[in-house]
Amino acid sequence: DSGVTQTPKHLITATGQRVTLRCSPRSGDLSVYWYQQSLDQGLQFLIQYYNGEERAKGNILERFSAQQFPDLHSELNLSSLELGDSALYFCASSGRGSTDTQYFGPGTRLTVL
Amino acid sequence: AQKVTQAQTEISVVEKEDVTLDCVYETRDTTYYLFWYKQPPSGELVFLIRRNSFDEQNEISGRYSWNFQKSTSSFNFTITASQVVDSAVYFCALRGSGSARQLTFGSGTQLTVLP
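Predicted, not measured: the structure shown is a model, and the values here were computed from it.

Draft legend 1. Representation of the sheet that holds strand 3 (residues 19-24) of chain A in the model. Residue and element names in this part refer to chain A. One open sheet accounts for four strands, arranged 1-3-8-7; its pairing is antiparallel. Strands with a single pairing partner mark the edges of an open sheet, and in this sheet they are strand 1 (5-7) and strand 7 (64-68). Neighbour to neighbour, the strand axes of the sheet diverge by 15° on average, direction disregarded. Pairing between strand 1 and strand 3: three bridges, direction antiparallel. Within strand 3, the residue paired with Gln 6 across the bridge is Cys 23.

Draft legend 2. Quick look at the pairing of strand 5 (residues 42-50) of chain A. All names here are of chain A. Judged from the eight bridges that link them, strand 4 (residues 31-38) and strand 5 form a sheet pairing that is antiparallel. Bridging across to strand 5, Tyr 33 finds its partner in Gln 48. Adjacent in sequence and paired antiparallel, strand 4 and strand 5 are bridged by three residues. Where strand 5 meets strand 6 (residues 53-57), four bridges bridge the pair, whose relative direction is antiparallel. Each residue of the ladder has a partner; that of Ile 47, found in strand 6, is Lys 57. What sits between strand 5 and strand 6 in their antiparallel hairpin is a turn of two residues, with Asn 51 showing a positive phi close to 50°.

Draft legend 3. A look at the environment of Lys38(B). Residues and elements named next belong to chain B. By secondary structure assignment, the location of Lys 38 is in strand 5 (residues 33-39). Exposure remark for Lys 38: the relative accessible area of 13% places this residue in the buried category. Once the C-alpha coordinates of Lys 38 and Asp 86 are considered, the two residues, 48 residues apart in sequence, prove to be 9.0 Å apart. Those residues in contact with Lys 38 that sit more than four places away from it in its chain are Glu 44, Leu 45, Val 46, Leu 48, Tyr 64, Val 85, Asp 86, Ala 88, Val 89 and Tyr 90. A polar atom in the side chain of Lys 38 sits 3.3 Å from the backbone oxygen of Val 85.

Draft legend 4. Molecular detail of the nonpolar core. Ranked by internal contacts, the top residues of the largest apolar core, which has 23 residues, are Trp36(B), Phe75(B), Phe77(B), Tyr90(B) and Leu111(B). Of all the secondary structure elements, the ones that give two or more residues to this core are strand 2 (10-14), strand 3 (19-21), strand 5, strand 8 (64-69), strand 9 (74-79), strand 10 (88-95) and strand 12 (109-114) of chain B. Broken down by element, this core gets its largest block of residues, four residues, from strand 10 of chain B. Excluding anything up to four places from it in sequence, Tyr90(B) contacts Gln6(B), Leu21(B), Trp36(B), Tyr37(B), Lys38(B), Leu48(B), Tyr64(B), Phe77(B), Ile79(B), Gly108(B), Thr109(B) and Leu111(B). Listed in part, the 21 residues of the second largest apolar core include Val4(A), Leu21(A), Ala66(A) and Tyr89(A).

What counts and what doesn't
Residues numbered from 1 in each chain as written. Chains lettered and ligands numbered in written order. Predicted model: local features only at pLDDT ≥ 70, side-chain atom pairs only at ≥ 80, totals over all residues. Heavy atoms only, no water. Pairing = 2+ DSSP bridges. Helix = DSSP H or I, 4+ residues; strand = E, 2+ residues; numbered from the N terminus. Axes fitted to C-alpha atoms, helices over the stretch in contact; angles between N-to-C directions. Buried < 20%, exposed > 50% of the residue type's maximum accessible area, 1.4 Å probe, protein only. Contact = heavy atoms within 4.5 Å. Polar contact = N/O pair within 3.5 Å; in protein donor to acceptor, adjacent residues only side chain to side chain. Core = buried A, V, L, I, M, F, W, Y, C linked by side-chain atoms within 4.5 Å.

Below you can see the structure in the form of structure tokens.
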């Protein structure tokens, strides 16, 4: 158990809908990262937050957004869902140091029908 | 830009065989960090090891060992006396030294250990 929690574990929805994925980092970790794992794109970085502020953006679509709250949990919002958004979404967290390791949550499997 | 290449898409071995998973990386950073993660059939990503670019010592942890060679930009992972429970997808990842700490992952190697 990495200490990172993600909910829900599975999500099935229809095209055009909007969903919210939730992540709670390990105790004491200030950074939260979101990654998408799909068959065609592999594991891709989406976005990073550090202590409530956006720190880096990767290949995140404009239909996707995220935020990190004062209690350090994070939410990833996916809107106007398309079939191609079906994927496993991971959240990871890390601590303060320059050599910090990212520990991953169990992931949320999103299926868009 | 950073890049990680895992040329072996799938490897199949018989239990107790040794197996090496290859990882080649590209980066312009002089300081960087390399990682291996394991993704078992249950789907989670499990951290295995982190190696700093300034530390070229090889590491052994039980049946696992890692060979970091800066000269060839490689960070290979060897499992000795493989077991069925080692069956998983293994990912090599790279992080640079900038303020953004995101990982760049390779495409993964599916390892199947047959009984």
